[in-house]
Amino acid sequence: MPNGFVNVLKAPGITSHDIVAHLRKVYGMKKIGHAGTLDPAAAGVLPIALGKATRMLEYMDNADKSYTAEVTFGYTTDSGDDTGNVIEEAPYQMPTIEAIKQVLETFRGEIKQRPPMYSAVRINGQKAYNLARKNIEVEMPERTVVIHAIDFHEMTENGFVFSVKCSKGTYIRSLCMDIGKKLGIPAVMSFLVRTHVGEFKLENAWSTEEIGMLPHKALCPMDFPIKHLPEYKITEDEALMIKQGKKINVAENVEFADKFIRLYTDKEFAGIGRYVFSERKIAPHKVVL
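Below is a summary of the structure that appears in this document. Sequence order as written defines the numbering, with residues in each chain counted from 1. Given that this is a predicted model, residues contribute local features only at a pLDDT of at least 70 and side-chain atom pairs are listed and counted only at 80 or more, while totals for whole chains, interfaces and linings are drawn from all residues. As a rule here, side-chain values come from all non-hydrogen atoms in the structure, and water together with hydrogens is ignored.

## Here's the deal with the side chain of Thr-265
Quick note on the threshold: For helices the rule is a DSSP run of H or I covering at least 4 residues; for strands it is a run of E covering at least 2, with both sets numbered from the N terminus onward. Buried, partly exposed and exposed residues are distinguished by accessible area as a fraction of the type maximum, computed with a 1.4 Å probe on protein chains only: under 20%, between the cut-offs, and over 50%, respectively. Each polar contact in these results corresponds to two N or O atoms within 3.5 Å; when the atoms are within protein, one needs to be able to donate a hydrogen and the other to accept it, and residues that are neighboring in sequence are counted only if both atoms are side-chain atoms. Only heavy atoms matter for contacts: two residues are in contact if any of them lie within 4.5 Å across the pair.
Tracing the backbone shows Thr-265 in the loop between strand 17 (260–264) and strand 18 (269–276). The class of Thr-265 is buried, set by a relative accessible area of 4%. In terms of polar contacts, Thr-265 uses its side chain to reach the backbone amide nitrogen of Lys-267, at 3.1 Å. Look past the residues within four positions of Thr-265 in its chain and what remains in contact with it is Lys-233, Ile-234, Glu-236, Ala-239 and Ala-270.

## A short note on the pairing of strand 18
Our working definition: In this scheme, strands are said to pair when DSSP sees at least two bridges between them.
With respect to burial, strand 18 is a largely interior element, seven of its eight residues being buried. In terms of strand pairing, strand 17 meets strand 18 through five bridges, oriented antiparallel. In the sheet register, Leu-263 faces strand 18, and the bridge partner there is Gly-271. Two elements, strand 18 and strand 19 (residues 281–287), share six bridges in a ladder whose sense is antiparallel.

## Digging into the pattern of salt bridges
Inclusion rule: Salt bridges, as used here, are contacts in which a Lys or Arg side-chain nitrogen is within 4 Å of a carboxyl oxygen on Asp or Glu.
Taken as a whole, this structure holds nine salt bridges when the rule is applied. With its nearest N and O atoms 3.7 Å apart, the salt bridge here joins Asp-266 to Lys-233. Here Lys-233 lies in strand 15 (residues 231–233) and Asp-266 lies in the loop between strand 17 and strand 18, a separation of 33 residues in the sequence. With a closest N to O distance of 3.3 Å, Arg-280 and Glu-255 form a salt bridge. Within this pair, whereas Arg-280 is found in the loop between strand 18 and strand 19, its partner Glu-255 is found in the loop between strand 16 (248–249) and strand 17, the two being separated by 25 residues in sequence. Classification of Arg-280 by relative accessible area gives partly exposed; the value is 25%. A relative accessible area of 61% places Glu-255 in the exposed class. Within the structure, one salt-bridge network assembled from shared partners comprises Glu-105, Arg-108 and Asp-151.

## Things to note about the sheet that holds strand 16
Rules: Angles run from 0 to 180 degrees between N-to-C directions of axes, and those axes are lines fitted to C-alpha atoms, restricted for helices to the stretch in contact.
Overall, mixed pairing links the five strands, which are arranged 15-17-18-19-16 in an open sheet. On the outer flanks of this sheet lie strand 15 and strand 16, each paired with one strand and no other. Of the strand pairs in this sheet, strand 16 and strand 19 are connected by two bridges, and their pairing is antiparallel. Across the sheet, Ile-248 pairs through a bridge with Ile-282, a residue of strand 19. Where helix 6 (residues 236–243) meets the sheet, its contacts fall on strand 15, strand 16, strand 17 and strand 19, and the angle it forms with strand 19 comes to roughly 65°.

## Side note on the environment of Gly-28
As for its placement among the helices and strands, Gly-28 is situated in the loop between helix 1 (16–27) and strand 2 (32–34). Separated by 70 residues in the primary sequence, Gly-28 and Glu-98 have C-alpha atoms spaced 53 Å apart.

## Points about the environment of Arg-55
Mapped onto the elements, Arg-55 comes out in the loop between strand 3 (43–50) and strand 4 (65–73). For the pair formed by Arg-55 and Val-288, sequence separation is 233 residues and the distance between their alpha carbons is 8.6 Å. A polar contact is formed between the side chain of Arg-55 and the backbone oxygen of Val-287, at a distance of 2.5 Å.

## Looking at the nonpolar core
Test applied: Joining through side-chain atoms within 4.5 Å is the link that ties buried Ala, Val, Leu, Ile, Met, Phe, Trp, Tyr and Cys residues into a set, and such a set is a nonpolar core.
Core analysis: the biggest nonpolar cluster contains 28 residues, and Ile-150, Phe-160, Phe-162, Val-164, Ile-172, Leu-175 and Ile-179 have the highest contact counts within it. If you list the elements that add at least two residues to this core, you get strand 4, helix 2 (97–105), strand 10 (143–155), strand 11 (159–166), helix 4 (172–183) and strand 12 (187–197). Here the element with the most residues in this core is helix 4; it accounts for five residues. Those residues in contact with Phe-160, other than ones at most four positions away along the chain, are Ala-69, Glu-70, Val-71, Phe-73, Ile-100, Leu-104, Phe-152, Glu-154, Met-155 and Ile-179. Residues Leu-57, Met-60, Phe-200 and Leu-229 belong to the second largest nonpolar core, which totals 21 residues.

## Focus: the side chain of Thr-208
Mapping Thr-208 onto the fold places it in helix 5 (residues 208–213). The exposure class assigned to Thr-208 is buried, which follows from its relative accessible area of 17%. Look past the residues within four positions of Thr-208 in its chain and what remains in contact with it is Val-8, Ile-19 and His-22.

## Remarks on the pairing of strand 17
Across a regular strand the side chains alternate sides, sitting on one face of the sheet and then on the other. For strand 17, a buried count of five out of five residues is recorded, marking the element as mostly surrounded by other parts of the structure. In strand 17, alternate side chains face the same way, and those of Phe-260, Arg-262 and Tyr-264 on one face and Ile-261 and Leu-263 on the other are all buried. The hairpin formed by strand 17 and strand 18 contains four residues between the paired strands.

Below, the structure written as structure tokens:
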């Protein structure tokens, strides 16, 4: 059974769940998960974990993401994109490129954002989109997200295209609507491509057709997306201790500032250890041996 990651190029019109179902057939296995759901209408990078690699997904939680998005002016919807029900329409004068660039700059850094109703955010234990489908109106809670970079690309007939690099939890649909509000124009997100998630980049992504033809060539090792964690070499004896659930001592000349450590024997990736600062020991956290 293969264990590793696949950098999938998701096409518009299919769900992240559809991708998982397809790869279950390709690889002949059930244990498959994905990092960072993409809306059905969106395209781009969708990291998929196979087998034991699903245990590495939690270490990708804080991975930054990048997107290229298209904003269309003149109306807003209940979903924040052009697939939703129109809730506002208004005539507008096309803003200048300079005006758009100035507004985009106001979003750079730490910002407050309110997710759209049609999202997977949980409200009193229920997903917001389920409440929205029942016409139950709730106040979506604001959250703090970070916009690391945001850049204008080009004008379109009814809007413009921009790129953004952001923290986890950022809703690009909300960002597009908020940009419109600052410009004084109703706006929606009319297209979205995710260009990177952590180590996974668009230029290295595989379409489902390519994966179907070369499934093993598309496979990345289990440690591919967690290279941001520090690395530590362990002996075979220490690997056995880790496998048995025991802590191991850390070499005297080694210091760690991170909580989680990638562990390797001479032969292979052994898993993730948790550094116990008070004891200068590494405890097993996720063992894949």
